[in-house]
Amino acid sequence: MVKLRLRRVGRKKLPLYKIVAADSRAPRDGRFIEAVGNYNPNNNPAMIDLKEERVLYWLNTGAKPTETVKNLFSLKGIMLRHHLTKKGADENKITEEMTKWSSLQEAKLQKMEAKRLKRKTSKKKKSAEGEKPEQPSEKTAAPTAG
């Protein structure tokens, strides 16, 4: 059985992954049939580079993606495209759905960015309030010698 999975490359504590089509019996970093993309989780946001035609070819021939690879494909919209072609949608319908999906993804990213900035500013406000020097109260003030 052919699986689409991650193959670890890169050095110690700096992983890079190749997305490969491999026999399920082969070891994780062992023999593979074809490399169909790269995944770099070290960047923010993570970089995913795929050969979409080849990925769709392998999905159509019955290759099963692992959970992680399936999530990566979903982020790029490949699983949606595969689902639509499997259901028998024509090319116009697929492109229409993909543009609709990409606009929703853009809105989702903007919403997440706004939420992150809001959280960051509220965190700054809290830290600024915590750094204010406290005024000594009258009870704790030292009495003046008169």
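Once a new chain begins, its residue numbering starts again from 1 and follows that chain's sequence as written. With pLDDT at 70 or above as the cut-off, local features in this predicted model cover only qualifying residues; side-chain atom pairs require 80 or more to be listed or tallied, and sums for whole chains, interfaces and linings still use all residues. The basis for every side-chain value is the complete set of non-hydrogen atoms in the structure, without hydrogens or water.

Details of the overall build of the protein
So the rule is basically this: In DSSP terms, a helix is any run of H or I states spanning at least four residues, a strand is any run of E spanning at least two, and both are numbered starting from the N terminus. Type-normalised accessible area, obtained with a 1.4 Å probe on protein chains alone, sets the label of each residue: buried when under 20%, exposed when over 50%, and partly exposed for intermediate values. Should any heavy atoms of two residues lie within 4.5 Å, those residues are counted as being in contact. Accessible surface area values rest on a Shrake-Rupley calculation with a 1.4 Å probe, where residue burial reflects the displayed protein chains alone.
Along the backbone of the protein there are 4 helices and 5 strands. Reading the secondary structure of the protein in the N-to-C direction produces β-β-β-β-α-β-α-α-α. Taken over 146 residues, the protein has a buried fraction of 23%. Taking contacts inside the protein between residues at least 6 apart in sequence as the whole, the part at least 24 apart equals 34%. Roughly 11500 Å² of accessible area belongs to the protein as shown, and the carbon and sulfur atoms make up 52% of that amount.

Some thoughts on the pattern of salt bridges
Opposite charge on two side chains allows them to pair when their charged atoms are near. So the rule is basically this: Any carboxyl oxygen of Asp or Glu within 4 Å of a side-chain nitrogen of Lys or Arg constitutes a salt bridge here.
Applying the stated criterion across every chain, the model contains 5 salt bridges. In this structure, the salt-bridge partner of Asp-29 is Arg-28, at a minimum N-O distance of 2.9 Å. On the basis of relative accessible area, Asp-29 is assigned to the partly exposed category, the value being 33%. The residue Arg-54 makes a salt bridge to Glu-34 at a minimum N-O spacing of 2.9 Å.

Points about helix H4 (residues 91-130)
The criterion, for reference: Helix span is expected to be 1.5 Å times the residue number reduced by one.
Taking 1.5 Å of rise per residue, the 40 residues of H4 would be expected to cover 58 Å, and the 58 Å separating its terminal C-alpha atoms lies within 8% of that figure. Residues of H4 that are buried: Ile-94, Glu-97 and Met-98. In the core, the buried residues of H4 are packed alongside helix H3 (78-87).

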